[in-house]
Amino acid sequence: MLELERVSKEFSARRGLLRPGPSFKALSEVSLQVARGESFGVVGESGSGKTTLTRIVLRLEKPSSGRILFEGEDMARLSPIAMRRLRARIQIVFQDPYASLNPRMSVHDIVTEPMLIHKTALGLDRRGRSERAAELLALVGLAEQHLHRYPHEFSGGQRQRIGIARALATNPAMLLLDEPTSALDVSVQAQVLNLLHRLQQQLGLTYLFISHDLSVIRYACDRVAVISQGRIVESGPCHQIFDAPSDPYTRMLLAAMPAMVLSG
Amino acid sequence: MTEPPLLEIRDLNLSMTSFDGAAHVLAGVNLSVRRNEIWGLVGETGCGKSLTGLSVSRLVPSPPARYLGGEIRFDGRDLLGLEEVQMRSLRGRRIGMIFQDPTTNLNPVFRVGEQLVDVALNAGLHSPEILGVVPGASGRERRVAARKLAIEMLGKVGIADPTTRIDAYPHEFSGGMRQRVLIAMALIGRPDLLIADEPTTALDVSVQRQILALITAMVQEYCMGVILITHNLGVVAQACSHVAVMYAGHVVESGTVRAVLGRPTHPYTRALMAAIPAPGVARGGLVGLAGQVPNLIAPPPGCRFAPRCPIAADACLAGPPPAIEMGQGHVVACLKADQARAA
């Protein structure tokens, strides 16, 4: 469904106003394939290129080289109108549910905004949008009465549910989950992970799951790519990577992971 | 075993005044820490773990905070009765602190050396033997000694080439290195008690492991007592000797790490552990905790966990739960501890 072919991204630091400085390779020749209906995890430490990868998939950045294919189409060749249509098909859930919801918008406005932006694709009138918003809230485990409240009235876990409802508003085929639970407590994290799992089964979604937390990735994903310094050092089915890692970096990462197993 | 604990918190009650009324945020916290013990204080957001830590160093602004009762005995003295001046002679000297975010806790406009020297000089003011200078030494001699000590400490926390690095600015260090600098700063006064509030939360796992190993090594070297505040039970299993689990201002379960994590008994501890994505848990198999943390302005009567507890009975709502000793210092504040354990 999503395919990255030798994607690289360089950022150049400017020395002077017009003098280009040395360039920094944030991603180098990253290739990966995400199949329809699966959860694909990308795990790495800070500075590894995880964020650059999400920005490139969302086409907020253009790759310096390489191709990105979504449902077989090269993103770079799409016309602006086709690109706009494609954007409705890939949506994102952000890390921080405190920063990613506009405090001055009601839940209704937050959830219907993407429908307004993709009005032509969805063809929903005002009433249709409101009905869909209520449906979406029910889908993520909130009630219709929450529609007219504001983000500050919700807990972190509830806000993340609102973020998920917003991401689902345009009927996407794929969700990009950028550290969706790292700002949450474990008991709430468990609820959100279970919700994501249920939604995936119900709606047949494809997930690209970005995280630094290996245990979350192991729980939530089918396949995983370990990324370090802009390169994919190892990728494969989750059980293989976690049970029999072959790359020294992956092994180090797994060894550093705080386990609940008590020694001695 | 006969040695009195270094720190003893007894029945600590703290209330915070807010616009909506007074919130009873710490409701009878008990904790005692001996030398060489690393106590993990775990719980979820808002359970009072940080406030407990901050109370020991008396850094909770008051107002809005008000201590309703209880005592914090450090080396026999009740810290709640001390004047600010007396507290200042303890902070940075006998009580060291490390906070979560290494990027905001160093002043960006001063070299790390100057910041370390400041702390060393202040500690030296209260205990001249730390600097190792003769009494009545000149300011310059003390400064030279403080710098020497700062270099020594930087080396100890694993900063390569400390003699040059001491003149670097904070932005020249990575996150993990800054946390090392802060640990050096906390240890420069040779504290007896170290309070580390989420010291590794902002760091990558590989760096986290190094920092935890450093803290454990330093505890052995200096015979300190440590309170390590964290929300991560994995960190507790990795670094602590003892653990106290907090929920809504209560310590619900405490004891050695082996006892508490090996045989978790309080329903909240069990729920917390069931929520961790452990190896072998099938997708969809995690158990989240239903319901919400109680409103601390009008907390439920009796056990604060009762409204979310799977085995709560009417008696749980009637009065605060008794602290039940399960053996070897493993204490569970639950009326139905026996049943919980059997379940």
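Keep in mind that what you see is a predicted model, and the values were worked out from it rather than measured. (Residues numbered from 1 in each chain as written. Chains lettered and ligands numbered in written order. Predicted model: local features only at pLDDT ≥ 70, side-chain atom pairs only at ≥ 80, totals over all residues.)

A. Seen up close, the overall build of chain B. Secondary structure assignment for chain B yields twelve helices and twelve strands. In terms of overall dimensions, chain B is globule-like: its C-alpha atoms have a radius of gyration of 21 Å, near the 20 Å expected for 343 residues. Structurally, chain B occupies a C-alpha span of about 70 × 45 × 45 Å along its principal axes. Per-residue burial for chain B yields a buried fraction of 46% across its 343 residues. In chain B, 64% of the contacts between residues at least 6 apart in sequence involve partners at least 24 apart. (Helix = DSSP H or I, 4+ residues; strand = E, 2+ residues; numbered from the N terminus. Rg over C-alpha atoms; globule rule 2.2 N^0.38 Å. Buried ≥ 20, exposed ≤ 12 C-beta atoms within 10 Å, placed from the backbone. Contact = placed C-beta atoms within 7 Å.)

B. Highlighting the overall build of chain A. Secondary structure summary: chain A contains ten helices and ten strands in total. Expected size for 264 residues packed as a compact globule is a radius of gyration near 18 Å; at 19 Å, chain A falls within 12% of this value. Structurally, chain A occupies a C-alpha span of about 60 × 55 × 40 Å along its principal axes. For chain A, the proportion of its 264 residues judged to be buried stands at 39%.

C. Inspection of the nonpolar core at higher detail. Membership of the largest hydrophobic core comes to 171 residues, with the highest contact counts inside it found for Leu208 of chain A together with Trp39, Ala120, Ala150 and Ile188 of chain B. Here the element with the most residues in this core is helix α6 (residues 175–187) of chain B; it accounts for eight residues. Here Ala150 of chain B is in contact with Gly113, Leu116, Val117, Ala120, Ile166 and Ile188 of chain B, once residues within four sequence places are set aside. (Core = buried A, V, L, I, M, F, W, Y, C linked by C-beta atoms within 7 Å.)

D. Broad picture of the sheet that holds strand β6 (residues 90–93) of chain A. All names here are of chain A. With mixed pairing, the six strands of this open sheet are ordered in space as β6-β7-β8-β3-β9-β10. The sheet terminates laterally at β6 and β10 (231–237), the two strands that pair on one side only. Geometrically, the sheet is characterised by an average inter-axis angle of 15° between neighbouring strands, direction not taken into account. For strand β3 (residues 39–43) and strand β8 (residues 206–211), the ladder comprises five bridges, and the chain directions are parallel. (Pairing = 2+ DSSP bridges. Axes fitted to C-alpha atoms, helices over the stretch in contact; angles between N-to-C directions.)

E. The arrangement of the interface of chain B and chain A in detail. Between chain B and chain A, the residue contacts involve 33 residues of the former and 27 residues of the latter. At the level of elements, α7 (205–222), α8 (233–239), α9 (257–262) and α10 (267–274) of chain B are the ones that each hand at least two residues to the side of chain B that touches chain A. Ranked by residue count, the leading element in the side of chain B that touches chain A is α8 of chain B, at five residues.

F. Layout of the confidence of the model for chain B. When pLDDT is averaged along chain B, the result is 89, and 99% of the positions lie at 70 or above. ipTM for the predicted complex: 0.80, alongside a pTM of 0.87. (pLDDT = per-residue confidence, 0-100.)

G. Focus on unusual backbone geometry. Cis geometry is adopted by the peptide bond preceding Pro63 of chain B, which originates at Ser62 of chain B and carries an omega value of -5°. By the element assignment, Pro63 of chain B lies in the loop between α1 (49–56) and β4 (65–74). The step from Pro63 of chain B to Pro64 of chain B runs through a cis peptide bond, and the omega angle for that step is 10°. Assignment of secondary structure puts Pro64 of chain B in the loop between α1 and β4. Backbone geometry places Arg6 of chain A, a non-glycine residue, at a positive phi of 40°.

H. Layout of the packing of helix α3 (residues 112–126) of chain B against helix α4 (residues 139–156) of chain B. Residue and element names in this part refer to chain B. Axis separation between α3 and α4 bottoms out at 8 Å; the angle between their running directions is 115°. The way α3 lies across α4 gives a crossing that is right-handed. Contact residues: α3 offers Gly113, Leu116, Val117, Ala120, Leu121 and Gly124, while α4 offers Arg142, Arg143, Ala146, Arg147, Leu149, Ala150 and Met153. Here the contact of α3 with α4 is composed, by residue class, of eight nonpolar, two polar and three charged. (Left-handed = near helix turned anticlockwise from the far one by under 90°. Nonpolar A, V, L, I, M, F, W, Y, C, P; charged D, E, K, R; others polar.)

I. Geometry of the sheet that holds strand β10 (residues 250–256) of chain B. All names here are of chain B. Ordered in space as β6-β7-β8-β3-β9-β10-β12-β11, the eight strands form an open sheet in which the pairing is mixed. If you trace the sheet from one side to the other, it starts and ends with β6 (95–98) and β11 (323–325), each paired once. Taken over all neighbouring pairs, the strand axes of this sheet differ in orientation by 20° on average, direction set aside. The pairing of strand β9 (residues 242–247) with β10 spans six bridges and is antiparallel. Looking at β10, one finds that Met246 is bridged to Val251. Against the sheet, α6 makes contact with β6 and β7 (193–197), and its axis sits at roughly 170° relative to β6, the strand it touches most.

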